[in-house]
Amino acid sequence: MDALTGLGLASSAGLNAWIPLLVLGLLDRYTQFVDLGPNFAWLSNGWVLIIFAVLLALEVVADKVPAIDSVNDVIQTVVRPTSGGIVFGSSMTSDIAGLTLGGQTATVTDPEQFVSSGTWVPIVIGVLLALLVHGVKALTRPVANTVSAGTAAPVLSTAEDGAAVLLSVVAVFLPVLVLLGLVGLTIGAWWLLRRRTGPPVYSV
């Protein structure tokens, strides 16, 4: 279950870097459902939450404007995987929805011990997952903009933001449903890419 939680959160970060960070931070600060522990408690700091909220607002706007959304995706190539590593790593060291997850802390006090212990693995997995989802998003967005003459950008962006929120919440409270959400995202991306290439043309 902890792996599914990390999978959902990291995938959500691939769509929007700030949503899963805000979900974890807010739930840790204002509810009993998430306890991030000492190593990730900074996510629920009031000032950090305000910064996340401002950055989220900026991305929500930028991601809905054709052409600017592609520039934003280039910038987010670093940000989203970083967020994915953080949320996956935190999911392995936290008490989420009453489940005490079994990972060890990711504090680096002895680099050699840190590498040999394998505590870096969840962070790397989160980075790679978020990067994969981000890559699919960055590839499909220009396709949608081209097919729709730019009119699909705000609709698709809103859908992606909604999917990121849903994935983050499901990852915390119903992680078993994460796989269904990822299947839906995969089908959506495949459909957009197919619209670009179009159906096969057969000659007689």
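Residues numbered from 1 in each chain as written. Predicted model: local features only at pLDDT ≥ 70, side-chain atom pairs only at ≥ 80, totals over all residues. Heavy atoms only, no water.

Explain a nonpolar patch on the surface to me, using residue names and the numbers behind them.
A cluster of nonpolar residues, Phe33, Val165, Val169, Phe173, Leu174, Val176, Leu177 and Leu180, forms a patch on the protein surface that exposes about 700 Å² of accessible area. Considering each element in turn, the nonpolar patch owes the most residues, 3 residues, to helix 8 (residues 152-173). Of note, Phe33 is situated in the loop between helix 2 (18-30) and strand 1 (34-35). (Patch = residues over 30% accessible without salt bridge, like charges linked within 9 Å, V, L, I, M, F, W, Y side chains within 5 Å. Areas by Shrake-Rupley, 256 points an atom, 1.4 Å probe, with all protein chains shown as cover. Salt bridge = Lys/Arg side-chain N within 4 Å of Asp/Glu carboxyl O. Helix = DSSP H or I, 4+ residues; strand = E, 2+ residues; numbered from the N terminus.)

An account of the packing of helix 2 against helix 8 is needed here, citing residue identities and associated values.
Across the interface, helix 2 lies against helix 8 with an axial gap of 9 Å and an inter-helix angle of 40 degrees. When the interaxial angle is binned, helix 2 and helix 8 end up oblique. Remark: the crossing between helix 2 and helix 8 carries right-handed chirality. Facing Ile19, Pro20, Val23, Leu24 and Leu27 of helix 2, the residues of helix 8 in contact are Asp161, Ala164, Val165, Ser168, Val172 and Phe173. Grouping the constituent residues of the contact of helix 2 with helix 8 by class yields 9 nonpolar, 1 polar and 1 charged. (Axes fitted to C-alpha atoms, helices over the stretch in contact; angles between N-to-C directions. Parallel < 35°, antiparallel > 145°, perpendicular 65-115°, else oblique. Left-handed = near helix turned anticlockwise from the far one by under 90°. Contact = heavy atoms within 4.5 Å. Nonpolar A, V, L, I, M, F, W, Y, C, P; charged D, E, K, R; others polar.)

Give a description of the confidence of the model for the protein that names residues and reports values.
With 76% of its residues at a pLDDT of 70 or more, the protein shows a mean pLDDT of 80. Predicted confidence is poor over residues 199-204, with pLDDT under 50, and the contacts of this stretch with residues over four places away or in other chains come to 2 contacts. (pLDDT = per-residue confidence, 0-100.)

Could you give an account of the side chain of Ser90, naming the residues involved and the relevant values?
Checked against the element boundaries, Ser90 lands in helix 5 (residues 68-91). Those residues in contact with Ser90 that lie beyond four places of it in its chain are Leu24, Leu36 and Phe40.

Got a sec to walk through the side chain of Glu160? Specific residues and values, please.
Structurally, the position occupied by Glu160 is in helix 8. We classify Glu160 as buried; its relative accessible area is 9%. Discounting chain neighbours no more than four positions away, the residues touching Glu160 are Leu15, Asp63, Lys137 and Arg141. (Buried < 20%, exposed > 50% of the residue type's maximum accessible area, 1.4 Å probe, protein only.)

Residue-level account of the packing of helix 1 (residues 2-15) against helix 8, with values.
The geometry of helix 1 relative to helix 8 is characterised by a closest axis approach of 8 Å and an angle of 160 degrees between their N-to-C directions. Considered as vectors, helix 1 and helix 8 are oriented roughly antiparallel to each other. For helix 1 against helix 8, the interelement crossing comes out left-handed. Across from Thr5, Gly8, Leu9, Ser11, Ser12 and Leu15 in helix 1, the residues of helix 8 making contact are Glu160, Ala163, Ala164, Leu167, Ser168 and Ala171. Classifying every residue of the contact of helix 1 with helix 8 by side-chain character gives 6 nonpolar, 5 polar and 1 charged.

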